[in-house]
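# Remarks on the overall topology
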Amino acid sequence: MEIIDLRSDTVTLPSDEMREAACDAELGDDVFGEDPTVNRLQELSAELMGKEAALLVSSGTMGNLVCVLTHCGRGEEVILGNISHMFLNECGSMATVGGVHPHTIPNQPDGTMRIGEIDAAIRGDNDHWPRTRLISLENTHNRCFGAPLSPEYMSSVAELANRHRLKIHLDGARIFNAVVALGVDAKEFTRHVDSVSFCLSKGLSAPIGSVVCGTREFIAEARRNRKLLGGGMRQAGIIAAPGLVALDKMIARLAEDHENACRLAEGIAEIPGLSIDLSQVKTNIIYFDVVNERITVEQIRVGLEKRGIKALPTGPARFRMVTHYGIEADDIDRTIVMLKEIMTGET
Ligand SMILES: Cc1ncc(COP(=O)(O)O)c(C=O)c1O
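Just so it is clear, the structure is predicted and the values come from calculations on it, not from any experiment. In this numbering scheme, every chain counts its residues from 1 along its sequence in written order. Residues qualify for local features only when their pLDDT is at least 70, as the model is predicted, and side-chain atom pairs are given and counted only at 80 or more; totals for whole chains, interfaces and linings, by contrast, use all residues. The basis for every side-chain value is the complete set of heavy atoms in the structure, and neither hydrogens nor water enter the calculation.

With that settled, consider the state of the cysteines. We call a pair of cysteine sulfur atoms a disulfide when they lie within 2.5 Å. Summed over the entire model, instances satisfying the criterion amount to zero disulfides. Between C262, a cysteine without a disulfide, and C144, which holds the nearest cysteine sulfur, the sulfur-to-sulfur distance is 17 Å.

In structure tokens, the structure reads:
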């Protein structure tokens with residue numbers, strides 16, 4: 001049975017072209033800055049993000065941590081969303097590794113934090129308080145239905161940050177989903193931030209890697225922090241080569257994932273016992289709730305698994321499904337049929 005894995009876009013496998021690129025990559029020691037393929041990926045990434053320089057890191061989690069460590073010292077504070085990936089799902093690394101204090105603001109359903117609430121969270125000068133140093137945004141916002149933040153919203157956060165002389169970091173793990181969903185250039189987002197980390201290994205389907213971008217000075221320091229975390233990699237061109245293919249070939253096709261997410265959400269909306277807010281479907285991530293008390297999330301998960309479909313429970317009555325490279329419209333239709341079957345009591 002062919003498996004339809006909708007748990008995450010991180011399950012994507014590299015394309016044949018990526019595998020070939022990895023085999024054929026020109027290599028060197030990247031800790032000496034001598035891997036030509038890594039250097040090419042970093043140059044292209046910096047150009048795409050409109051920044052002076054870039055640094056390949058092993059994962060989105062490492063990219064975010066490297067940026068926090070580069071912006072903030074011990075006892076300093078980051079303002080970020082209460083359901084941001086950095087707060088929920090990165091082992092509390094800014095605190096455990098960096099001694100940096102996370103200050104959370106409620107994320108709105110569209111992934112934003114209210115400007116007034118960010119403003120109110122910025123600390124004044126007081127011996128009792130940590131020093132606010134950084135505001136962190138997430139675009140697209142994983143837990144908020146993959147919501148894309150608009151450049152206008154990011155500009156208003158930047159205006160606030162500038163007024164308070166704070167820096168902004170963007171967890172842009174899925175920034176290209178925002179690019180495709182809103183039809184704007186990546187620089188329209190990144191010109192408002194001091195650092196951005198984006199992932200090659202999610203919707204873009206490369207096997208490994210994220211890239212951090214910022215000023216030359218920032219990236220020099222980020223490089224030190226990457227080394228500190230054990231992230232200095234040697235012949236990393238093996239990773240960078242599929243990353244180059246990802247940036248060249250995989251961005252435009254994200255539109256298909258967004259269409260498939262819409263198709264899936266519309267199908268789910270028709271199934272009795274399931275509830276989904278269609279107005280929130282903007283990119284490749286959807287969430288839906290089980291509103292029939294006679295069946296549990298676990299029973300649905302097992303029912304799907306038996307039928308070759310994998311979905312991720314994210315709460316006592318909630319599922320997440322993510323569309324990606326390798327998931328076709330037919331797979332979506334089969335998922336809808338199977339969900340319907342389970343919800344109408346067929347085992
Ligand atoms: C928004 C966001 N940021 C960061 C990450 C971390 O990426 P990685 O799994 O490569 O560490 C993820 C992973 O799903 C994510 O969704």
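What follows covers the site of the ligand. Inspection of the region around the ligand gives S59, G60, T61, N64, H85, E90, E138, N142, D171, A173, R174 and K202 as its neighbouring residues. A distance of 2.8 Å separates an oxygen atom of the ligand from a polar backbone atom of G60. Note that an oxygen atom of the ligand is positioned 2.6 Å from one of the side-chain N or O atoms of T61. Expressed as a share of its isolated accessible area of 390 Å², the protein-covered part of the ligand is 84%. For this description, a residue counts as near a given molecule or strand if any of its non-hydrogen atoms is within 4 Å of it. Side-chain atoms alone can form a polar contact between residues adjacent in sequence; in general such a contact is a pair of N or O atoms within 3.5 Å, and within protein one must be able to donate a hydrogen while the other accepts it. Note on areas: these come from Shrake-Rupley sampling with a 1.4 Å probe, and a residue is covered only by the protein chains present in the view.

What follows concerns helix 10 (residues 216–228). Look at helix 10: 19 Å from first C-alpha to last across 13 residues, which is about the 18 Å you get at 1.5 Å a residue. When a residue's accessible area, from a 1.4 Å probe over protein chains only, is under 20% of the maximum for its type it is buried; when over 50% it is exposed; and in between it is partly exposed. Runs of H or I in DSSP of at least four residues are treated as helices and runs of E of at least two as strands, each being numbered from the N terminus. Three or more residues of helix 10 are buried, namely F218, I219, A222, N225 and R226. One face of helix 10 carries all of its buried residues, which in axial projection span an arc of 115°. Those residues of helix 10 that are exposed and angled more than 90 degrees off the buried face are R216, E217, R224 and L228. One or two positions beyond helix 10, positive phi appears at G230, with a value near 80°. Take the number of residues in a helix, subtract one, and multiply by 1.5 Å to get its expected span. An arc is given here, and it is the one of the directions from the helix axis to the C-beta atoms.

The rule for a salt bridge is simple: a side-chain nitrogen of Lys or Arg has to be within 4 Å of a carboxyl oxygen of Asp or Glu. A complete count under the given rule lists 17 salt bridges for this structure. Residue R226 pairs with D30 through a salt bridge whose shortest N-O separation is 3.5 Å. One end of the pair, R226, is in helix 10; the other, D30, is in the loop between helix 1 (16–24) and helix 2 (36–49), and 196 residues separate them in sequence. In this structure, the salt-bridge partner of R301 is E305, at a minimum N-O distance of 3.2 Å. Of the two residues, R301 and E305 both sit in helix 13 (residues 297–306), four residues apart, roughly one turn of that helix. Looking at R301, the relative accessible area reads 24%, which means it is partly exposed. In this structure, a network of salt bridges that share partners links the residues R253, E256 and D257.

On to the packing of helix 3 (residues 60–71) against helix 10. Interaxial angles span 0 to 180 degrees and are taken between N-to-C directions of axes, which are lines fitted to C-alpha atoms, for helices over the stretch in contact. It is at 9 Å that the axes of helix 3 and helix 10 come closest, and there the two elements cross at 120°. Taken as a pair, helix 3 and helix 10 cross one another with a handedness that is right-handed. Residues M62, V66, C67, L69, T70 and H71 of helix 3 form the contact with helix 10, whose participating residues are F218, E221, A222, N225, R226 and L228. Each residue belonging to the contact of helix 3 with helix 10 can be placed in one class, and the counts come to seven nonpolar, three polar and two charged. Helix crossings are classified by the rotation of the near helix relative to the far one: an anticlockwise turn of less than a right angle makes the crossing left-handed, while a clockwise turn makes it right-handed. The contact rule is simple, with two residues in contact once any of their heavy atoms fall within 4.5 Å. Amino acid classes used here: Ala, Val, Leu, Ile, Met, Phe, Trp, Tyr, Cys and Pro are nonpolar; Asp, Glu, Lys and Arg are charged; the rest, including Gly, are polar.

Taking 1.5 Å as the rise per residue, helix 3 with 12 residues should run 16 Å; its terminal C-alpha atoms sit 17 Å apart, in good agreement. For helix 3, every residue scored as buried is listed here: G60, M62, G63, N64, L65, V66, C67, V68, L69, T70 and H71.

Among the six residues that make up strand 6 (residues 167–172), five are buried, leaving the element largely enclosed by the rest of the structure. Two strands are counted as paired when DSSP detects at least two bridges linking them. Summarising the sheet, strand 5 (residues 131–138) and strand 6 pair through five bridges and their orientation is parallel. If you follow E138 over to strand 6, its bridge partner there is D171. In this fold, strand 5 hands off to helix 7 (residues 151–163), which returns the chain to strand 6; that crossover is right-handed. Bridge count for strand 6 against strand 7 (residues 195–199) is four bridges, and the pairing is parallel. Across the sheet, residue H169 finds its bridge partner in strand 7, namely S195. Assignment of crossover handedness uses the view with strands pointing away from the viewer, where a clockwise path from the first strand over the helix to the second indicates a right-handed crossover.

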